[in-house]
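Architecture and fold: a report
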Amino acid sequence: MVVAVEYISKEESDGVESGQDRHGVTGILAVQGAFAEHAAVLDRLGAPWKLLRAAEDFDDSIDRVILPGGESTTQGKLLHSTGLFEPIAEHIKAGKPVFGTCAGMILLAKRLDNDEHVYFGALDAVVRRNAYGRQLGSFAATADFGEPGDAGYIKDFPLVFIRGPYVVSVGGSARVETEVDGHPVALRQGGILATAFHPELTDDTRLHELFLSL
Amino acid sequence: MTQNRAELNRNLAQMLKGGVIMDVTTPEQAKIAQDAGACAVMALERIPADIRAAGGVSRMSDPAMIKGIQEAVSIPVMAKVRIGHIAEARILQAIDIDYIDESEVLSPADDVYHIDKNRFDVPFVCGAKNLGEALRRIAEGAAMIRTKGEPGTGDVIQAVRHMRTMNKQIHELVSLRDDEVYEAAKQLAVPYDLARYVHDNGRLPVVNFAAGGVATPADAALMMELGAEGVFVGSGIFKSGDPAKRAAAIVKATANWQDADLLARLSENLGEAMVGINEDEIQTIMAARGE
């Protein structure tokens, strides 16, 4: 699924509130990577969104943030040069919802075990970049998110890993929601939802719906 | 190649969007590129400007040199094979390359056939001057497309021409009645299902980058304005006066190409740009290789 991108969603530009029980706008970090794919999912769910390309894009309407897939080193540099790092770091510190996919999980991690960079340092976990190797190690799988009976349990979610990371160790405040081959690949911690895989590359919107309910 | 693998390979190109892929010839240059914010590097022994200057047959780079670059950086590493050179492609797949560029910058190995890229697990990017070329390469299994530009010249005119041609042809295809798409596929010399995809979706089924002649932040911004989803920069960086600064400026310009105030700041004091050669001064038109 490859999608074209516009700068703000129809709902936002028309000033129309979505039909669901939400009022804020999801800010999607849009300095590099697959941000248009997240916007397309939110369009399907009727949720307003706005691309974050510069510090002034982060306005009061933003009540949740998506950190998309892409190259974490590129995004990390541009987060600082655009001035977007500070408002997003404050947003995370305030416990507001943030959803990081792949590179987004790397940006959120407290520490990386094969890279000295730390970006937001908010997710209580150690994450390994390119943990499955190069592109020939990229793969698709299916697994559950959470445990049966949990609120937010999702059965048989499609997992797409593109030069993806996995979690090496988890601290006390983060909870493992999905594992593949014994490695955690989805975590929750308060308002933080982080996946090593790419829900935005599939037709399955359930994880985005869960995020919008946080 | 399974359907799953083809999809995963297109997906990697999606992760590169909005980014800059830089030609590098040494591990040191690769680190400079990564530190500047490149989303991937293209490992090659000689950058296109030097290939053009040296003349002669230009081939796949030494795998040891490519491995050195793979070890130096954590971002994806691409490398080039000659058009139609199946064995060079197998060699790059064997060293676990992230993307193969079946490239007109090298001397073509086959003047009729491109590589059947559907038979490989590793993804390929191919150049295209127009929609027909792009869809033929995609039919052969390319997971990403770039304009051909005219490599090594520092002259952006051909990349502009190819990107405008591609988008104009896409718009024309979208505007057709459903029953006219069969004839359009015949005219373009492409499979009907791919013509149909473009007609229905208004875009290529894979990511489309600009390449060839991009030398300044303004060139990168121009290509993004014209609809590129990201930019390859070949000779433009390491043939310039201050590669690290120019590389970082082009990365920022590609991310925020519509912010003219930022572009003005990024364009200041970059040192000498690559000298370049005008389109009408060159002997070898690389873009004409492999249609």
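Being a predicted model, the structure only gives us computed values, none of them experimental.

Thresholds applied
Residues numbered from 1 in each chain as written. Chains lettered and ligands numbered in written order. Predicted model: local features only at pLDDT ≥ 70, side-chain atom pairs only at ≥ 80, totals over all residues. Heavy atoms only, no water. Pairing = 2+ DSSP bridges. Helix = DSSP H or I, 4+ residues; strand = E, 2+ residues; numbered from the N terminus. Axes fitted to C-alpha atoms, helices over the stretch in contact; angles between N-to-C directions. UniProt positions renumbered as here; feature names shortened; annotations may be inferred. Buried < 20%, exposed > 50% of the residue type's maximum accessible area, 1.4 Å probe, protein only. Contact = heavy atoms within 4.5 Å. Polar contact = N/O pair within 3.5 Å; in protein donor to acceptor, adjacent residues only side chain to side chain. Parallel < 35°, antiparallel > 145°, perpendicular 65-115°, else oblique. Nonpolar A, V, L, I, M, F, W, Y, C, P; charged D, E, K, R; others polar. Arc of directions from axis to C-beta.

1. A word on the sheet that holds strand E3 (residues 62–67) of chain A
Residues and elements named next belong to chain A. Taken together, seven strands build an open sheet; the order of strands is E2-E1-E3-E4-E12-E11-E10 and the sheet is mixed. Looking at the sheet topology across the chains shown, the edges are occupied by strand E2 (49–52) and strand E10 (175–180). The sheet shows a mean angle of 20° between the axes of neighbouring strands, direction not considered. The pairing of strand E1 (residues 25–29) with E3 spans four bridges and is classified as parallel. By the bridge assignment for E3, Val25 is matched with Ile62.

2. Remarks on the UniProt feature "binding site: L-glutamine" (unreviewed entry) in chain A
UniProt annotation of "binding site: L-glutamine" (unreviewed entry) refers to A:Gly70, A:Glu71, A:Ser72, A:Arg129, A:Ile162 and A:Arg163 when read in the numbering used here. Despite a sequence span of 94 residues, these residues sit close together in the fold, their greatest C-alpha distance being 12.8 Å. Mapped onto the elements of the fold, A:Ser72 is located in helix H3 (residues 72–82). Using a relative accessible area of 3% as the deciding quantity, one classes A:Ser72 as buried. For A:Arg129, the position within the fold is in the loop between strand E6 (123–128) and strand E7 (139–145). For A:Arg129, a relative accessible area of 4% gives the class buried. Apart from the residues within four sequence positions on either side, A:Arg129 is in contact with A:Glu71, A:Ser72, A:Thr73, A:Ile106, A:Leu112, A:Asn114, A:Asp115, A:Pro165 and B:Ser74.

3. Remarks on the UniProt feature "binding site: D-ribose 5-phosphate" (unreviewed entry) in chain B
Residues and elements named next belong to chain B. Feature annotation in UniProt assigns "binding site: D-ribose 5-phosphate" (unreviewed entry) to the following positions: Asp23, Gly152, Gly213, Gly234 and Ser235. Separation in sequence by 213 residues is not matched in space for these annotated residues, since their most distant C-alpha atoms are only 12.2 Å apart. Position of Asp23 relative to the elements: it lies in strand E1 (residues 20–24). Looking at Asp23, the relative accessible area reads 4%, which means it is buried. Once residues lying within four places of it in the same chain are set aside, the contact partners of Asp23 are Met42, Leu44, Ile47, Pro48, Val233, Gly234, Ser235 and Phe238. Relative accessible area serves as the criterion here: at 18%, Gly234 is assigned to the buried category.

4. Side note on the side chain of B:Thr254
Along the chain, B:Thr254 turns up in helix H12 (residues 243–255). Those residues within four positions of B:Thr254 in sequence are excluded, and the remaining contacts are B:Gly18, B:Gly19, B:Val20, B:Ala220, B:Met224 and B:Val231.

5. Topic: the side chain of B:Lys80
Residues and elements named next belong to chain B. Structurally, the position occupied by Lys80 is in strand E3 (residues 77–82). A polar contact of 2.9 Å, which involves the side chain of Lys80, links it to the side chain of Asp101. Apart from the residues lying within four places of it in its own chain, the contact partners of Lys80 are Met42, Ala43, Leu44, Met60, Leu92, Asp101, Ser103, Val105 and Leu106.

6. Re the packing of helix H7 (residues 157–175) of chain B against helix H9 (residues 192–201) of chain B
All names here are of chain B. Across the interface, H7 lies against H9 with an axial gap of 7 Å and an inter-helix angle of 85°. The orientation of H7 with respect to H9, classified from their angle, is roughly perpendicular. Along its contact with H7, which presents Ile170, Leu173 and Val174, the element H9 presents Ala195, Val198 and His199. Residue composition of the contact of H7 with H9, by class: five nonpolar, one polar and no charged.

7. Considering the UniProt feature "active site" (unreviewed entry) in chain A
Here, the residues flagged by UniProt with the feature "active site" (unreviewed entry) are A:Cys102, A:His198 and A:Glu200. Taken together, the annotated residues stretch across 99 residues yet fold into one region, lying no more than 10.7 Å apart by C-alpha. Examined against the element boundaries, A:Cys102 turns out to sit in the loop between strand E4 (98–101) and helix H5 (103–108). For A:Cys102, a relative accessible area of 5% gives the class buried. Excluding residues that lie within four positions of it along the chain, A:Cys102 makes contacts with A:Gly69, A:Ile162, A:Gly164, A:Pro165, A:Thr195, A:Ala196, A:Phe197 and A:His198. Discounting chain neighbours no more than four positions away, the residues touching A:His198 are A:Gly69, A:Thr101, A:Cys102, A:Val160, A:Ile162 and B:Met15.

8. Thoughts on helix H4 (residues 63–72) of chain B
Residue and element names in this part refer to chain B. Burial in H4 covers these residues: Met65, Ile66, Ile69, Gln70 and Ala72. With its buried residues spanning 165° around the axis, H4 presents them on a single face. Of the residues in H4, the exposed ones pointing more than 90 degrees away from the buried face are Ala64 and Glu71. Those residues of H4 that are buried lie in contact with E1, helix H2 (27–36), strand E2 (40–43), E3 and helix H5 (86–94). Two to three positions downstream of the cap, the backbone nitrogen of Ala64 sits 2.8 Å from a side-chain oxygen, assigning the N-cap of H4 to Asp62.

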